[in-house]
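Here is what each chain is made of, one letter per residue.
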Amino acid sequence: MRNFMKDVPNSLGYRLGGRVMTAVLSGLLFLSCVVLPVDLGHAASRAAAAPTPVTSLATVSGAVTAGKPFKWAQVYLKNIDKRIQYMVFTSGGAFRAVSLFPGHYEVTARAVGMESATQRIVVKNGKIDNLTLAMKEAADPSLFPSSVPNATNTLFNAAGWNNVSAPVKFGSYDEIYPPGPGRVVLENMCFSCHGENTFALSPRSEDAWKYAIDYMRGAFLDQRERVGFGEGTLAGSASNFRFTIQDRKDLLEYLTKYLGPDQPSRAVRTDVPVPFDESELAKAQLIEYYVGKEAAPGAKPVQSTATGSEGDATATEGQQTLITMQLDGEGNVWAVNRAIPSQLVKLDPRTGEQFFYVLPDPTAGVHDLVIGRDGTIWVTEFTRDFFGSGAGDANPPRLLGFNPKTLKWDHILDADPDGVIGALPKGPLMSPTVDSKGNVYLNWMLRGAIAKWNPGDQKMKVFRIPTPGATPYGAAIDAKDNVWVALWNGGKLGKFDTSVEQWTEFTPPTQPANFRRGPAVDAKNNVWVGIWAGGPRSGKIAKLDQTTGHWTEWNIPHRGAQPYEASVDAEDNIWFPETGNPDSPSLIARFNPRTEKFTFYPRLQFVADSSRLEHTTDGAVWYAPRYGAPAGHSAFGVLYPDKDKISSLAAYPLNGTPGYAFTVGTPAKDAKSAGH
Ligand code: HEC
């Protein structure tokens, strides 16, 4: 079902640069309505459960041994009762995990090519200090540690990737992409968005390559509207890319010669690995609170439902996929759950309890949310009948407002009431942001526009973006209420001045650039973005100084970096989640602009990516393991870069909701005093 492009030229599955995203554009309608245990009624009463103070939580420490030297082994402590997993790293073999909920645990250690047996222990309040875990050689010596079984060889199956069923073969860049004019085209035109592995992982026939090239240059757009974010990106003079007829010829010849259907799935070996630092890792602790219940054994995969959630072939009955999260003013974390039915989920990290609220349209896909300064939880619907039905646009996505006090959906809003979008289907809504006055902005991602909801006059207004075929992905507000929008089609930052409703566009020195979820604004009002690696060109972190209009770029020091966005913590460090590569883990990374130092943290799950990060007042970094998480392993995740600073498990956003690094007007809530 996945790799249709190999042979079925009217459907399109896409994985960009390393992880799964699927836009199923076939006419398939697969109705499935599995009702999850959803606890609407009890939520209010259960929410009052008393939090456990950190002082009454437990500490487990000990040593990891092995027959040969190792560094920063990963120690996983899985609380079976609560479905929470902790991970710490060894330093000189010693480890320590803190703030553990009491319960039954399974403890395992893994390092590259090594693993211990799993020990069962019972943790009560207090301390266990001499747990020893002896590691042995793992069956696969190249295996990178992970909390879930996804050996390199089965990575793509485990992740619900494409139908790459044979082991992936690794090679040098030159082995996989021999020099030639076609490679130059790939480097200039394709790798910035797709990464260097996507194509080699799915070799295909000349016809299928030709179809893909035609799709990217918009050859079908004289017969129908654009249906995918990439479609028409390389459309001759309408595009910022220079994709000449000669380029196309060279590319097709090259792909046919080197990446034909007789080739195995291959990937470029990471020749410059991620520089992990044991002393930094030793301070860190990660926690994953798995969402919902395990999928029942033997649960059926839900194939590309027209009704569900981004037409997803990885969804399994009962499986949850948290896409992005936000922190409220009360210490809770809220996520959108692209499940069946689509939901909003609240986690109280103090107790581990979760609460589920079904969306007004339970079949709407969902990717994004923002918590307004008044506490309203704004959710953008991603799909209703866009992907899959082919039925046009009877039900375009809407902006939803959830009231966490009454647990009611107070707002269900048409995001294009005046029909400015024009094309059908209107495509998904993404990246809601709020300004200091409580206005909500959102992206019409497929159609190159943003919408503004003004709760004062109750009006929704749509503004088109000046770049042709603009694909606005991530967005952020700055301290002066400008909206910054990352344009996927080549790498521009659009600034929308909300006081005069005018656009200005900014381009970084690296062009073309792939920004994805894009921008964040620091306390000094600089705008930051992450730029994906483009084959041999490294990934970057880039800063736009608004006062001078100048950009500065820093290379991310390992091969194939794919920073999904940039975000800012309380000390103006820049953080980014990285989609990993087939032989390199998904990461959370920090860049300190003052020392220009990068620090990298592998996540528990080698594969599962994360598109965004949220920061608390006390330095915790929240993320959601997303695509690639096996059934039962989508989660609310949190990294404590310094576990000795954990004073509460509650998560308070910087400067009140929605968690900006700068102060805006009078924050709706003083985060610190909001209920410790
Ligand atoms: C600006 C980003 C961007 C650039 C540049 C780009 N693509 Fe794409 N491409 C996409 C997106 C996004 C999709 C997924 C389908 C969609 O949403 O339109 C896609 C889909 C594809 C697919 C189908 C996915 C699969 O693996 O089956 C192929 C093949 C492809 N592109 C090839 C190329 C080639 C070859 C180039 C360079 C000549 C290129 N693309 C340049 C964004 C891009």
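Here is what the cut-offs are and how they apply
Here the residue numbers are simple positions, counted from 1 along each chain's written sequence. In keeping with the predicted nature of the model, local features appear solely for residues at pLDDT of at least 70, side-chain atom pairs appear and are counted solely at 80 or more, and the whole-chain, interface and lining totals rest on all residues. Side-chain figures throughout are based on the complete set of non-hydrogen atoms in the structure, without hydrogens or water. We count a stretch as a helix when DSSP gives it H or I for four or more residues in a row; a strand needs E for two or more, and each element gets its number in order from the N terminus. Only protein chains enter the area calculation, which uses a 1.4 Å probe; residues under 20% of their type maximum are buried, those over 50% are exposed, and those in between are partly exposed. Residue contacts are counted whenever heavy atoms from the two residues lie within 4.5 Å of one another. All accessible-area figures derive from a Shrake-Rupley calculation using a 1.4 Å probe, and residue coverage is judged against the displayed protein chains alone. Positive charges come from Lys and Arg alone, negative charges from Asp and Glu alone, with His and the N- and C-terminal ends not counted. By salt bridge we mean one thing: a side-chain nitrogen of Lys or Arg within 4 Å of a carboxyl oxygen of Asp or Glu. Pairing of N or O atoms within 3.5 Å defines a polar contact, subject to two protein rules: one partner must be a possible hydrogen donor and the other a possible acceptor, and residues neighboring in sequence count only if both atoms are side-chain atoms. Residue types Ala, Val, Leu, Ile, Met, Phe, Trp, Tyr and Cys, when buried and joined through side-chain atoms within 4.5 Å, form a set referred to as a nonpolar core. Residues are called lining when one of their atoms sits within 4 Å of a cavity or pocket point, these points coming from a 1 Å grid over the protein atoms alone, where a cavity is a set in which a 1.4 Å probe fits but cannot get out and a pocket is an open set with protein on both sides within 12 Å along at least five of seven lines. Grid points are joined across faces, edges and corners, and a volume is the space filled by probe spheres set on the points. Stacked, edge-to-face and tilted labels apply to pairs of Phe, Tyr and Trp rings (six-membered ring for Trp) whose centres lie within 6.5 Å, assigned for plane angles under 30 degrees, over 60, and everything in between, in that order. A fitted line through C-alpha atoms represents every axis, and for helices the fit uses only the stretch in contact; the resulting angles, taken between N-to-C directions, go from 0 to 180 degrees. Handedness of a crossing follows from how the near helix is turned relative to the far one, being left-handed for an anticlockwise turn of less than a right angle and right-handed for a clockwise one. For this classification, the nonpolar set comprises Ala, Val, Leu, Ile, Met, Phe, Trp, Tyr, Cys and Pro, the charged set comprises Asp, Glu, Lys and Arg, and every other residue, Gly included, is treated as polar. Only strands that DSSP links by at least two bridges are regarded as paired with each other. With water omitted from the atoms examined, metal sites may look incomplete; donors here are N, O and S atoms no farther than 2.8 Å from the metal, or 3.2 Å in the case of Na, K and Ca. Every angle between 85 and 135 degrees makes a four-donor site tetrahedral, while opposite donors more than 155 degrees apart, with all other angles between 65 and 115, make a four-donor site square planar and a six-donor site octahedral; other sites are irregular.

For the rest of this paragraph, the subject is the overall build of the protein chain. Across its full length, the protein chain carries eight helices and 40 strands. Within the protein chain, the proportion of its 676 residues that are buried is 64%. Looking at the protein chain alone, contacts between residues at least 24 apart form 60% of all its contacts between residues at least 6 apart. For the protein chain, the exposed surface amounts to about 23700 Å²; the carbon and sulfur share of it is 53%.

Moving on, we get to the side chain of Glu288. Mapped onto the elements, Glu288 comes out in strand β13 (residues 285-290). Summary of buried charges: Glu288 has no salt-bridge partner, and the nearest side chain of opposite charge, Arg603, is 5.8 Å away. At 3.1 Å, the side chain of Glu288 forms a polar contact with the side chain of Tyr290.

Attention shifts here to the nonpolar core. Residues Val64, Val75, Leu77, Tyr105, Tyr289, Trp622 and Phe636 are the most contacted members of the largest nonpolar core, which totals 46 residues. Core analysis: the next-biggest nonpolar cluster, separate from the first, contains 45 residues, Val485, Phe496, Phe506 and Ile531 among them.

Applying the stated rule across the entire model yields seven cavities of 30 Å³ or more. Size it by volume and the second largest cavity reaches roughly 360 Å³. Surrounding the second largest cavity, 27 residues form its lining, Arg612, Glu614, Pro658, Gly659 and Tyr660 being those nearest its centre. Among the secondary structure elements, those contributing two or more residues to the lining of the second largest cavity are β14 (322-327), β18 (365-371), β22 (429-434), β26 (472-477), β30 (520-521), β34 (567-568) and β38 (614-615).

Our focus in this paragraph is the packing of aromatic side chains. The tally for this structure, following the rule as stated, stands at 32 aromatic pairs. With a centroid separation of 6.0 Å and 20° between ring planes, the pair formed by Tyr289 and Trp622 is classed as stacked. Residue Tyr289 is found in strand β13, and its partner Trp622 is found in strand β39 (residues 621-623); the two are separated by 333 residues along the sequence. Residue Tyr289 is classed as buried on the basis of its relative accessible area of 1%. Taking relative accessible area as the criterion, Trp622 reaches 1% and is therefore assigned buried.

To describe two helices that pack against each other, one gives the angle between their axes and the distance between the axes. Close contact between helix α6 (residues 206-216) and helix α7 (residues 245-258) brings their axes to 9 Å; oriented N to C, the two are set at 145°. Crossing handedness for the pair α6 and α7: right-handed. Residues Glu206, Trp209, Lys210 and Ile213 of α6 lie in contact with α7, whose contacting residues are Arg248, Leu251, Leu252, Leu255 and Thr256. When grouped by side-chain class, the residues that make up the contact of α6 with α7 number five nonpolar, one polar and three charged.

Moving on: the pairing of strand β24 (residues 449-454). Burial runs high along β24: five of the six residues are buried. Pairing of strand β23 (residues 440-444) with β24 involves five bridges; the strand directions are antiparallel. The residue of β24 that forms the bridge with Leu442 is Ala451. Once β23 ends, the chain turns through four residues before running back antiparallel as β24, passing Gly448 with a positive phi of about 65°. Across six bridges, β24 lies against strand β25 (residues 459-464) in antiparallel orientation. From the neighbouring strand, Asn454 faces β25, where its bridge partner is Lys459.

Turning to the coordination of the iron atom of the ligand, a few remarks are in order. Taken together, His194 (NE2) and Met216 (SD) make up the protein donors of the iron atom of the ligand, found 2.0 to 2.5 Å from the metal. The site at the iron atom of the ligand holds six donor atoms, and with the angles between them running 84 to 176°, its shape is octahedral. Of this pair, His194 sits in helix α4 (residues 181-194) while Met216 sits in helix α6, placing them 22 residues apart in sequence. The exposure class assigned to His194 is buried, which follows from its relative accessible area of 16%. Judged by its relative accessible area of 21%, Met216 is partly exposed.

Read across the open sheet, the four strands follow the order β30-β31-β32-β33; overall the sheet is antiparallel. On the outer flanks of this sheet lie β30 and β33 (550-555), each paired with one strand and no other. As paired elements, β30 and strand β31 (residues 527-531) share two bridges and run antiparallel to each other. Bridge pairing links Val521 to Val527 in β31.

It is worth spelling out the sheet that holds strand β17 (residues 353-358) at this point. Pairing is antiparallel in the open sheet, where four strands are placed in the order β14-β15-β16-β17. This sheet does not close on itself; its edge strands, each paired only once, are β14 and β17. Between one strand and the next, the sheet's axes are offset by a mean angle of 25°, whatever the strand orientation. Of the strand pairs in this sheet, strand β15 (residues 333-337) and strand β16 (residues 343-348) are connected by five bridges, and their pairing is antiparallel.

Tracing the backbone through its elements, the reader meets Gln326 in strand β14. Dropping the residues within four chain positions of it, Gln326 is found in contact with Asn332, Val333, Trp334, Leu369, Val370, Ile371, Arg612, Glu614 and Pro658. One polar contact links Gln326 to Glu614, side chain to side chain, over a distance of 3.1 Å.

Treat this as a map of the structure, not an account of what it does.
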